[in-house]
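# A structural walkthrough
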Amino acid sequence: EAQVTQNPRYLITVTGKKLTVTCSQNMNHEYMSWYRQDPGLGLRQIYYSMNVEVTDKGDVPEGYKVSRKEKRNFPLILESPSPNQTSLYFCASTRQGAMNYGYTFGSGTRLTVV
Amino acid sequence: DQQVKQNSPSLSVQEGRISILNCDYTNSMFDYFLWYKKYPAEGPTFLISISSIKDKNEDGRFTVFLNKSAKHLSLHIVPSQPGDSAVYFCAAPYKVDQFYFGTGTSLTVIP
């Protein structure tokens, strides 16, 4: 089944403790992206990658890092999480040049930083 | 400054009736628009898109209308079904492969 898989689905952590949210897609998509969803703000892009070793900042990159060492994986790293990073996170992918067909999204990771 | 706006956070409709979800945008240069549907505890899923050179696109019960002069698009669902209850997002690309998303409209279809 074609899908984007995120792990974990739920995570509660403490301020300052480094964490990684993994994202993997099995569709050989070039393009991957991370979004966060917050009430009243919709989906906002954190980082994106147009291919292996090519990453760039989205609208809200502060406090996050990403890497794209392999085509299928695009982990999101929070080096020192803070409470304002409590949010619902989505990873998404698409074939480059097929954006009018939309992203395929993962099921989301609900992160709580206390 | 939100480039894509959904001004109605929620909408309730009787089963069998028409649901109309609205989206306004500010940038006339958007080439196309998309609608996504999101159920609780799931990621958004692509629903339907429309090119800026068209004014209507239809897929089964779902039709998207684009009014370029008003910078407005709408999603019509006819007839509405309880399984359509979800949050709907509109989106528009501002760069290659990058999108602005609206804040979403939560649709409840009442049986």
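Look up: the structure comes first, before these words.
Analysis parameters
Residues numbered from 1 in each chain as written. Chains lettered and ligands numbered in written order. Predicted model: local features only at pLDDT ≥ 70, side-chain atom pairs only at ≥ 80, totals over all residues. Heavy atoms only, no water. Helix = DSSP H or I, 4+ residues; strand = E, 2+ residues; numbered from the N terminus. Contact = heavy atoms within 4.5 Å. Buried area = accessible area lost by both parts, 1.4 Å probe. Salt bridge = Lys/Arg side-chain N within 4 Å of Asp/Glu carboxyl O. Polar contact = N/O pair within 3.5 Å; in protein donor to acceptor, adjacent residues only side chain to side chain. Nonpolar A, V, L, I, M, F, W, Y, C, P; charged D, E, K, R; others polar. Pairing = 2+ DSSP bridges. Phe/Tyr/Trp six-rings, centres within 6.5 Å; stacked < 30°, edge-to-face > 60°. Buried < 20%, exposed > 50% of the residue type's maximum accessible area, 1.4 Å probe, protein only. Disulfide = S-S within 2.5 Å. Core = buried A, V, L, I, M, F, W, Y, C linked by side-chain atoms within 4.5 Å.

### Things to note about unusual backbone geometry
Cis rather than trans, the peptide bond between N7 of chain A and P8 of chain A has omega equal to 0 degrees. With respect to the helices and strands, the residue P8 of chain A is situated in the loop between β1 (4-7) and β2 (10-13). A positive phi angle is found at N28 of chain A, which is not glycine, with a value near 60 degrees. Relative to the helices and strands, N28 of chain A is located in the loop between β3 (19-25) and β4 (31-38). Even without a glycine there, the phi angle at A41 of chain B is positive, about 65 degrees.

### Concerning the interface of chain B and chain A
At the junction of the two partners, chain B supplies 20 residues and chain A supplies 25 residues. Taken over both partners, the interface formed by chain B and chain A buries close to 1,700 Å², and the fraction arising from carbon and sulfur atoms is 56%. Counting the contacts that link chain B with chain A gives zero salt bridges. At the boundary of chain B with chain A, the tally comes to three residue pairs in polar contact (both at pLDDT 80 or more). Counting residues per element, the ones that place at least two in the side of chain B that touches chain A are β4 (32-38), β5 (45-51), β9 (86-95) and β10 (98-101) of chain B. Per-class residue counts for the side of chain B that touches chain A are 11 nonpolar, five polar and four charged.

### As for the sheet that holds β1 of chain A
With respect to topology, four strands assemble into an open sheet ordered β1-β3-β8-β7 (chain A), the strand pairing being antiparallel. Only two strands of the sheet have a single partner each, and these edge strands are β1 and β7 (65-66) of chain A.

### Describing the side chain of S93 of chain A
Residues and elements named next belong to chain A. Checked against the element boundaries, S93 lands in strand β9 (residues 87-94). Looking at S93, its side chain comes within polar contact range of the side chain of H29, at 2.8 Å. Once residues lying within four places of it in the same chain are set aside, the contact partners of S93 are V4, Q25, M27, H29, Y31, M32, Y103 and T104.

### Notes on the packing of aromatic side chains
Residues and elements named next belong to chain A. Inspection of every chain in the model, using the stated rule, returns 19 aromatic pairs over all chains. On the numbers, 6.0 Å between centres and 35 degrees between planes, the contact of Y31 with Y103 is tilted. Of this pair, Y31 sits in strand β4 while Y103 sits in the loop between β9 and β10 (104-105), and the two are 72 residues apart along the sequence. When the centroid spacing of 6.1 Å and the interplanar angle of 50 degrees are considered together, the rings of Y35 and F105 count as tilted. In this pair, Y35 sits in strand β4 while F105 sits in strand β10, placing the two residues 70 residues apart along the sequence. Accessibility assignment for this pair places Y35 and F105 in one class, buried.

### Examining the state of the cysteines
All names here are of chain B. What the rule picks out here adds up to two disulfides over all chains. Across the disulfide, C23 is cross-linked to C90 (sulfur-sulfur distance 1.9 Å). A torsion of 70 degrees about the S-S bond marks the disulfide between C23 and C90 as right-handed. Of this pair, C23 sits in strand β3 (residues 19-25) while C90 sits in strand β9, placing them 67 residues apart in sequence. The class of C90 is buried, set by a relative accessible area of 0%.

### Some remarks on the nonpolar core
Counting residues in each nonpolar core, the largest one holds 23 residues, and the members touching the most others are F33, W35, L73, L75 and Y88 of chain B. Those elements that provide at least two residues to this core are β3, β4, β5, β7 (62-67), β8 (72-77), β9 and β11 (105-110) of chain B. A total of four residues in this core trace back to one element, the largest contributor, which is β9 of chain B. Once you skip the residues sitting within four places of it in the chain, L75 of chain B turns out to touch S19, I20, L21, W35, L47, I48, F62, T63, V64 and Y88 of chain B. Of all hydrophobic cores here, the second largest spans 19 residues; its members include V21, Y47, Y89 and L111 of chain A.

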